[in-house]
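Chain by chain, the residues:
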Amino acid sequence: MSSLHKSRIADFHDVLKEPTIALEKLRELSFSGIPCEGGLRCLCWKILLNYLPLERASWTSILAKQRELYSQFLREMIIQPGIAKANMGVSREDVTFEDHPLNPNPDSRWNTYFKDNEVLLQIDKDVRRLCPDISFFQRATEYPCLLILDPQNEFETLRKRVEQTTLKSQTVARNRSGVTNMSSPHKNSAPSSLNEYEVLPNGCEAHWEVVERILFIYAKLNPGIAYVQGMNEVVGPLYYTFATDPNSEWKEHAEADTFFCFTNLMAEIRDNFIKSLDDSQCGITYKMEKVYSTLKDKDMELYLKLQEQNIKPQFFAFRWLTLLLSQEFLLPDVIRIWDSLFADDNRFDFLLLVCCAMLILIREQLLEGDFTINMRLLQDYPITDVCQILQKAKELQDSK
C-alpha cells in the first residue's frame, strides 16, 4: 500500500471519528474515490445517501430502529401473506363465503396476491441476471434471513411463489424513447431457464434472492411506481458493497441497510422511471437533451456530427442516465463512479457531465465513424479508464 493511499485512509478516519461528521469535507474526500479498506466505502455511502445522520452518537439507535422496521416489513409483506396463502381456500366454506380466486373485488386478498405475482415474476427474471460477469449473486449468502428460512415455517416464501405460480410474467419494460432493451450488449447473458441455476439446499439463499426480496418490498411500499425493469441494476451495486463489508456486524444487516439506501436513492432518481414524467423538466427526456446541450457547449464539432447522423441521445443516454451507468462498466468501475456521484452535492447534475465526458473521450472514433459504427460504440461503450472519464467530467464542471 502506497504512502499516498495510507494518507487518504487516515484522512477519511479523521473525518469519520468526529462526533459530528463534516459533510462537505467527507464529500470532498469521497469525490476522488473512497478506499474499500476497513469498510470505509460502506460507511461513507450510508452517510452520503442520508441513511446515517451526521451525529455519530445516534448511529447505533437509528440502525437498530431501521433494521427492526425492515423486519416488520418482512413479517407484513412476505410472512403474513405467505401464511394467509397457505390458509386461503382450505375449506369449501371459506371459498364460498369469504374470498375466492375469481373474486373481482379490488379488496380481495386473491386479487392482490395475483397482482403481486406479476410484479414478483418480473423482478425474479431480472435479478437472476445481475452482474453475470461475476459469480457473487449466484453464491449463497453467509447471513440468510432467518425470519424467512426458519425450517419450522411452512408458509409460502417468495421462492415458492415463483416456483408454484402458473401466471405468465407481464414485462414491465416499456418502449420509452425508442429504447426497448435496458441491458448492455457487452454484458454476458445469464441463463434463461430457472432450471439452469444451481438449486441451493433448504436453509440457504443466494444473494440474488436477497435482492429480489428488497425489490419486492420496495414495490409493495411504493405502488405508484412499483417495479420497473432496470431497478435491479441500481440496487445490485449497493447490495454488493454492503454485503462485502469487512465488518461482519454490518454485513449481517446488508439487506436492511441496502433497502433503505436504495429507497433514499430512488427518491432522487425515481422520476427517470416514471413514463408520465418523461417530457417534464424533471423527467428523463429533459436530462438526455441536457447531455446534448452540454456537448454542444463543450464540443460543437462532435455535437454537429451526431446531429448530422441523426443519433439521438435517447438511443444511448436513456440507459446511461436511468441506470447510473451500471450497465456500461464492470462492477468495480461502477462502484468507483458512484463514489463521485454520491459525493457531489448536485450529484445527478454531475452524471450529465460524466455522460458528456464519455462522448468527448471517444470523439475521434465518433468523428470518423458512420451511423452504424457510432451506434455500436455508444450502445456498447468501449471499456475505458473510469478515472479518466471522471477527471474529464470534473474539468467540464470546473469550466462552467
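The rules behind the values
Residues numbered from 1 in each chain as written. Predicted model: local features only at pLDDT ≥ 70, side-chain atom pairs only at ≥ 80, totals over all residues. Heavy atoms only, no water. UniProt positions renumbered as here; feature names shortened; annotations may be inferred. Helix = DSSP H or I, 4+ residues; strand = E, 2+ residues; numbered from the N terminus. Contact = heavy atoms within 4.5 Å. Areas by Shrake-Rupley, 256 points an atom, 1.4 Å probe, with all protein chains shown as cover. Core = buried A, V, L, I, M, F, W, Y, C linked by side-chain atoms within 4.5 Å. Buried < 20%, exposed > 50% of the residue type's maximum accessible area, 1.4 Å probe, protein only. Axes fitted to C-alpha atoms, helices over the stretch in contact; angles between N-to-C directions. Parallel < 35°, antiparallel > 145°, perpendicular 65-115°, else oblique. Nonpolar A, V, L, I, M, F, W, Y, C, P; charged D, E, K, R; others polar. Salt bridge = Lys/Arg side-chain N within 4 Å of Asp/Glu carboxyl O. Phe/Tyr/Trp six-rings, centres within 6.5 Å; stacked < 30°, edge-to-face > 60°. Lys NZ or Arg CZ within 6 Å of the ring centre and 35° of its normal. 1 Å grid on protein atoms, 1.4 Å probe; cavity = no way out; pocket = protein on both sides within 12 Å on 5 of 7 lines; lining within 4 Å. Points joined across faces, edges and corners; volume = space filled by probe spheres on them.

- Within an unreviewed UniProt entry, the label attached to the protein reads TBC1 domain family member 13, and the organism entered is Odobenus rosmarus divergens.
- The protein has a UniProt comment under Function (unreviewed entry) that states "Acts as a GTPase-activating protein for RAB35. Together with RAB35 may be involved in regulation of insulin-induced glucose transporter SLC2A4/GLUT4 translocation to the plasma membrane in adipocytes."
- Under the UniProt heading Subunit (unreviewed entry), the note attached to the protein is "Interacts with RAB1A and RAB10; in a GTP-dependent manner."

1. Things to note about the overall build of the protein
- Counting its regular elements, the protein contains 20 helices and 0 strands.
- For the protein, contacts bridging at least 24 residues in sequence account for 76% of all contacts bridging at least 6.
- A total of about 19,200 Å² of accessible surface is found on the protein, and carbon and sulfur atoms cover 50% of it.

2. A word on the nonpolar core
- Ranked by internal contacts, the top residues of the largest apolar core, which has 124 residues, are Met231, Trp338 and Leu359.
- With 12 residues, helix α17 (residues 347-361) is the largest single contributor of residues to this core.
- Not counting the four nearest positions on each side in its chain, Met231 is found in contact with Leu215, Tyr218, Ile225, Ala226, Phe262, Met266 and Phe273.

3. Some points on the packing of helix α10 (residues 231-243) against helix α16 (residues 331-343)
- Viewed as axis vectors pointing N to C, α10 and α16 meet at an angle of 95 degrees, and their least axial separation amounts to 11 Å. By the criterion of interaxial angle, the relationship of α10 to α16 is roughly perpendicular. Touching Glu233, Val234, Pro237, Leu238, Tyr240 and Thr241 of α10 are Leu331, Val334, Ile335, Trp338 and Phe342, all from α16.
- Here the residues of the contact of α10 with α16 are counted per class, giving 9 nonpolar, 1 polar and 1 charged.

4. Looking at the pattern of salt bridges
- In this structure the tally under the stated criterion is 21 salt bridges.
- Between Glu395 and Lys392 there is a salt bridge; the shortest N-O distance is 3.7 Å. Note that Glu395 and Lys392 are positioned in helix α20 (residues 386-398) at a spacing of 3 residues, about one turn of the helix.
- Overall, Lys392 belongs to the partly exposed group, its relative accessible area being 24%.
- Sharing partners across several salt bridges, the network here consists of Asp299, Glu301, Arg363 and Glu364.

5. Quick look at the packing of aromatic side chains
- Within the structure shown, the criterion is met by 18 aromatic pairs.
- Residues Trp45 and Trp338 carry aromatic rings whose centres are separated by 6.2 Å and whose planes lie at 40 degrees to one another, so their mutual orientation is tilted. On the criterion of sequence distance, the pair formed by Trp45 in helix α3 (residues 40-48) and Trp338 in helix α16 is long-range, its members being 293 residues apart. Both residues of the pair, Trp45 and Trp338, count as buried.
- A centroid spacing of 5.1 Å and a plane angle of 80 degrees characterise the contact between Phe259 and Phe260, whose relative ring orientation is edge-to-face.
- Residue Phe259 is classed as buried on the basis of its relative accessible area of 3%.
- The exposure class of Phe260 is buried, given its relative accessible area of 8%.
- What links up through ring pairs into an aromatic cluster is the set Tyr292, Tyr303, Phe316, Trp320, Phe329 and Tyr381.
- Taking NZ or CZ as reference, Lys46 lies 4.8 Å from the ring centre of Phe242, over its face.
- Residue placement shows Arg67 over the ring face of Trp250; its charged tip is 6.0 Å from the ring centre.

6. Some remarks on unusual backbone geometry
- Non-glycine residue Cys131 carries a positive phi angle of around 40 degrees.
- Within the secondary structure, Cys131 is located in the loop between α6 (109-127) and α7 (146-149).
- Residues other than glycine seldom take positive phi values, yet Leu324 does so here, at roughly 55 degrees.
- Take Leu324: its relative accessible area is 0%, and that puts it in the buried class.

7. A look at the layout of surface pockets
- Each pocket or cavity is described by its volume, and for the largest pocket that value is around 520 Å³.
- Secondary structure elements with two or more residues in the lining of the largest pocket: α4 (59-87), α7, α9 (207-221), α10 and α12 (254-269).
- Here the residues of the lining of the largest pocket sort into 15 nonpolar, 5 polar and 7 charged.

8. Observations regarding the environment of Leu323
- Following the sequence through the fold, Leu323 ends up in the loop between α15 (317-322) and α16.
- Each C-alpha atom, one on Leu323 and one on Gly230, is 6.5 Å from the other, the two residues being 93 residues apart in sequence.

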